[in-house]
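Residue-level structure breakdown
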Amino acid sequence: MPPIEYNLPNIPWEDRPAGNSDVLWRFSANPIIPRNLIPTSNSIFNSAVVPYNGAFAGVFRCDNRAREMNVHAGRSADGVNWELDPAPIEWIYSNPDIPPSEYKYDPRVVWLEDRYYVIWCNGMHGPTIGMGYTYDFKDFHFLENALLPYNRNGVLFPRKVNGKYMMFSRPSDNGHTPFGDIFISQSPDLVHWGEHRWVMKPKGGWQSTKVGAGPIPIETTEGWLMIYHGVLTSCNGFVYSFGAALLDLDKPWKVIARTVPYMLSPQTYYECVGDVPNVAFPCAALYDQPSGRLAIYYGGADTVTALAFGKMDEILAFVKANSEV
Ligand code: BMA
């Protein structure tokens with residue numbers, strides 16, 4: 001299979017600020033989406049963005065003012081300034097036996113073969129991995145839940161690997177889960193998932209409590225780049241940072257390299273102060289291969305949406321130079 005082409009010259013971008021030597025740096029206009037961009041929202045965060053028709057579209061986690069968790073479609077010409085539908089996505093069910101969705105959060109979106117797939121944490125008697133698809137970000141079709149509860153952080157690969165669809169997930173419990181490893185499940189048809197493989201467990205420091213895949217993995221010559229969040233339990237609760245790992249292109253459960261230091265941790269006001277303090281939670285990344293530019297969308301403090309930037313060659317060098325598998 002030929003490698004995926006990432007040609008997105010129009011993604012959001014800002015050069016690394018003078019004097020900054022971090023592998024990732026934040027957009028100076030963060031947060032790009034305030035908590036109240038739509039009149040009913042309490043918070044808009046942990047959201048997914050993709051290129052669409054020369055511009056951008058996405059699926060956004062909006063918790064409303066009843067604090068119900070749901071997803072809304074959005075559009076943007078530049079990937080920075082967004083218009084979100086004021087109402088949540090109304091899903092089209094082709095099969096009435098699929099259990100009703102009690103809530104939806106932390107969406108990811110991927111272009112896979114012929115359409116955009118949406119995958120999120122879905123309430124089905126506990127959190128599990130919900131799936132759907134759209135062609136146009138107007139009509140959204142609800143598919144079968146991929147896995148049983150309890151599970152979170154479902155992330156689809158952007159292509160088949162060895163003839164099979166691949167998905168990361170993070171088996172969990174019904175609460176705030178004080179543990180969590182990343183697994184891969186495989187499928188011939190995006191409905192039946194099996195051949196589960198273990199990928200990685202928590203490690204020290206910022207990733208010592210649990211880890212979970214973030215954006216759709218990016219195919220590089222060095223392996224799949226998986227940006228993932230890691231959680232530390234402090235005396236004040238969880239702290240969510242993110243780092244990255246390189247995974248084998250043919251057997252992506254094999255970890256080639258993995259960052260010991262984080263790449264970004266909650267340090268700014270909008271990451272440290274909000275409904276859940278100290279959270280930087282990435283759910284999407286846009287990559288332009290010719291320029292090497294990467295724009296990462298992440299939630300700040302479970303309240304707002306922010307952008308960070310990096311260069312692919314520097315990220316790969318950082319992961320390899322600071323790795324412990
Ligand atoms: C996780 C998820 C995320 C959230 C994080 C921090 O369990 O619920 O949506 O950002 O906790 O609260």
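Above this note sits the structure.
Described below are features of the structure shown in this document. Values in this document were obtained by computation on a predicted structure and should not be read as measured data.

1. Observations regarding the pattern of salt bridges
- Using the criterion set out here, one finds twelve salt bridges in the structure.
- As a salt-bridge pair, E314 and R16 come within 2.7 Å of each other at their nearest N and O atoms. Separated by 298 residues along the polypeptide, E314 in helix 2 (residues 312–321) and R16 in the segment before strand 1 (25–26) bring together distant segments of the chain.
- With relative accessibility at 27%, the residue R16 sits in the partly exposed group.
- The salt bridge involving E195 is made with K164; its shortest N-O contact spans 3.3 Å. Here E195, found in strand 14 (residues 194–200), pairs with K164, found in the loop between strand 11 (151–156) and strand 12 (165–171); they are 31 residues apart in sequence, far enough to count as distant.
- Note on K164: relative accessible area 26%, which makes it partly exposed.

2. Thoughts on the sheet that holds strand 2 (residues 41–52)
- On the basis of which strands lie adjacent, the open sheet formed by four strands has the order 2-3-4-5 and antiparallel pairing. In this open sheet, the two strands that pair with only one neighbour each are strand 2 and strand 5 (83–84).
- Where strand 3 (residues 55–64) meets strand 4 (residues 69–76), eight bridges bridge the pair, whose relative direction is antiparallel. Paired with G58 across the strands is G74, a residue of strand 4.

3. Some points on unusual backbone geometry
- Note the cis peptide between N30 and P31, where omega equals -10°.
- Look at the link from P149 to Y150: it is a cis peptide, with omega at -5°.
- Following the sequence through the fold, Y150 ends up in the loop between strand 10 (140–142) and strand 11.
- A positive phi angle, close to 30°, is found at T177, a residue other than glycine.
- Note that T177 resides in the loop between strand 12 and strand 13 (182–187).
- Taking relative accessible area as the criterion, T177 reaches 0% and is therefore assigned buried.

4. Topic: the site of the ligand
- The local shell around the ligand consists of N46, R61, Y105, D106, Y240, V276, V279, F281 and D302.
- Take N46: an N or O atom from its side chain is 2.9 Å from an oxygen atom of the ligand.
- Between the ligand and Y240, the relevant distance is 3.0 Å, taken from an oxygen atom to a side-chain nitrogen or oxygen of the residue.
- In the complex, 85% of the free accessible area of the ligand, which totals 310 Å², lies under the protein chains.
- For the shell around the ligand, the residue count by class is five nonpolar, one polar and three charged.

Analysis parameters
Residues numbered from 1 in each chain as written. Predicted model: local features only at pLDDT ≥ 70, side-chain atom pairs only at ≥ 80, totals over all residues. Heavy atoms only, no water. Salt bridge = Lys/Arg side-chain N within 4 Å of Asp/Glu carboxyl O. Helix = DSSP H or I, 4+ residues; strand = E, 2+ residues; numbered from the N terminus. Buried < 20%, exposed > 50% of the residue type's maximum accessible area, 1.4 Å probe, protein only. Pairing = 2+ DSSP bridges. Near = heavy atom within 4 Å. Polar contact = N/O pair within 3.5 Å; in protein donor to acceptor, adjacent residues only side chain to side chain. Areas by Shrake-Rupley, 256 points an atom, 1.4 Å probe, with all protein chains shown as cover. Nonpolar A, V, L, I, M, F, W, Y, C, P; charged D, E, K, R; others polar.

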